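Close look at the chain arrangement
Each chain is listed here by its residues.
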Amino acid sequence: EIAGELAMSPFHFARVFKHTTGVAPHQYLLNRRIESAKALLRDTELSITEVAHRVGCTNPSHFSVLFHRATTMTPSTFRQQR
């Protein structure tokens, strides 16, 4: 969608984005979601499921896998360490 708004092909947009930021668009989005999730886990009492939904993950299990890959800990463990 972003590429279309910029009148670029998706491939060209991804290449330029990665060249500019150092990460692919999808990885950038994942990183932003994880950072948002960390803040929600640290600063709120929302359930893990609600945090998953707020950062754009419809499946809490998938969210936990993504979070663990990025941080080497589960969302629950991260919250306990705050």
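What this report covers is the structure whose coordinates are included nearby. Values in this document were obtained by computation on a predicted structure and should not be read as measured data. (Residues numbered from 1 in each chain as written. Predicted model: local features only at pLDDT ≥ 70, side-chain atom pairs only at ≥ 80, totals over all residues. Heavy atoms only, no water.)

What about unusual backbone geometry?
Look at Ala-7: it is not a glycine, yet its phi comes out positive at around 55°. Structurally, Ala-7 is set in the loop between α1 (2-5) and α2 (10-21). On the basis of relative accessible area, Ala-7 is assigned to the exposed category, the value being 73%. The backbone phi angle of Thr-72 is positive, close to 60°, even though this residue is not glycine. Positionally, Thr-72 belongs in the loop between α5 (60-71) and α6 (75-80). (Helix = DSSP H or I, 4+ residues; strand = E, 2+ residues; numbered from the N terminus. Buried < 20%, exposed > 50% of the residue type's maximum accessible area, 1.4 Å probe, protein only.)

What to know about the nonpolar core
Counting 14 residues, the largest nonpolar core has Ala-37, Val-51, Val-55, Cys-57, Phe-63 and Phe-67 as its most contacted members. Of all the secondary-structure elements, those providing two or more residues to this core are α3 (25-43), α4 (48-54) and α5. The residues touching Phe-67, leaving out its near neighbours within four places in the chain, are Ile-34, Ala-37, Lys-38, Leu-41, Thr-72, Met-73, Thr-74, Pro-75 and Phe-78. (Core = buried A, V, L, I, M, F, W, Y, C linked by side-chain atoms within 4.5 Å. Contact = heavy atoms within 4.5 Å.)

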